Each structure stands twice: as C-alpha cells, then as structure tokens.
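Structural characterization, general
Take a look at the letters that make up each chain.
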Amino acid sequence: MAKIKVTQIRSVIGRPERQRLTLRSLGIRRMHHTVEVEATPDVLGMIAKVHHLVRIEEQ
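Residues numbered from 1 in each chain as written. Predicted model: local features only at pLDDT ≥ 70, side-chain atom pairs only at ≥ 80, totals over all residues. Heavy atoms only, no water.

1. A few points about the overall build of the protein
From N to C terminus, the protein includes two helices and three strands. Going from N to C terminus, the protein has its helices and strands arranged as β-α-β-α-β. For 59 residues, the compact-globule estimate of 2.2 N^0.38 gives 10 Å, and the C-alpha radius of gyration of the protein, at 10 Å, lies within 12% of that figure. With the principal axes as the frame, the protein shows a C-alpha extent of 35 × 20 × 15 Å. (Helix = DSSP H or I, 4+ residues; strand = E, 2+ residues; numbered from the N terminus. Rg over C-alpha atoms; globule rule 2.2 N^0.38 Å.)

2. Looking at the pattern of salt bridges
Counting across every chain of the model gives one salt bridge. For Lys 3, the salt bridge is made with Glu 38, and the minimal N-O distance between the two is 3.3 Å. Residue Lys 3 is located in strand 1 (residues 3-8), and its partner Glu 38 is located in strand 2 (residues 34-38); the two are separated by 35 residues in the primary sequence. On the basis of relative accessibility, which here comes to 33%, the residue Lys 3 falls in the partly exposed class. (Salt bridge = Lys/Arg side-chain N within 4 Å of Asp/Glu carboxyl O. Buried < 20%, exposed > 50% of the residue type's maximum accessible area, 1.4 Å probe, protein only.)

In structure tokens, the structure reads:
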C-alpha cells in the first residue's frame, strides 16, 4: 500500500467532537504534527472527513 503524510494545518478549537476524535485516531496530536499512514480505505475515509483541517502529501 502507498504511504500518505498527513499534517494538521488548522485548529480543532470550535470543531465538533467527532472531527477531534478522527484526528486523534489518525495519530495527530497537535498543530503542525505530521504522521505517515497507510492509504487504506478506512484511513482515506477518515481523511475525507477532516480534509479541511489537514494537508495531505502522497509519498
């Protein structure tokens, strides 16, 4: 599977709890934190739900 780098670029302050939990489940803990994840259908679905809060870079 391909790897994807996901970086949080917008704050979760004032966002619904579900979006906060989605970022946590991706492994993102704070602003400008970058994680490398596998591009599985589950992960791509999570990224789609918070695409306005993150930057995606394909490897």
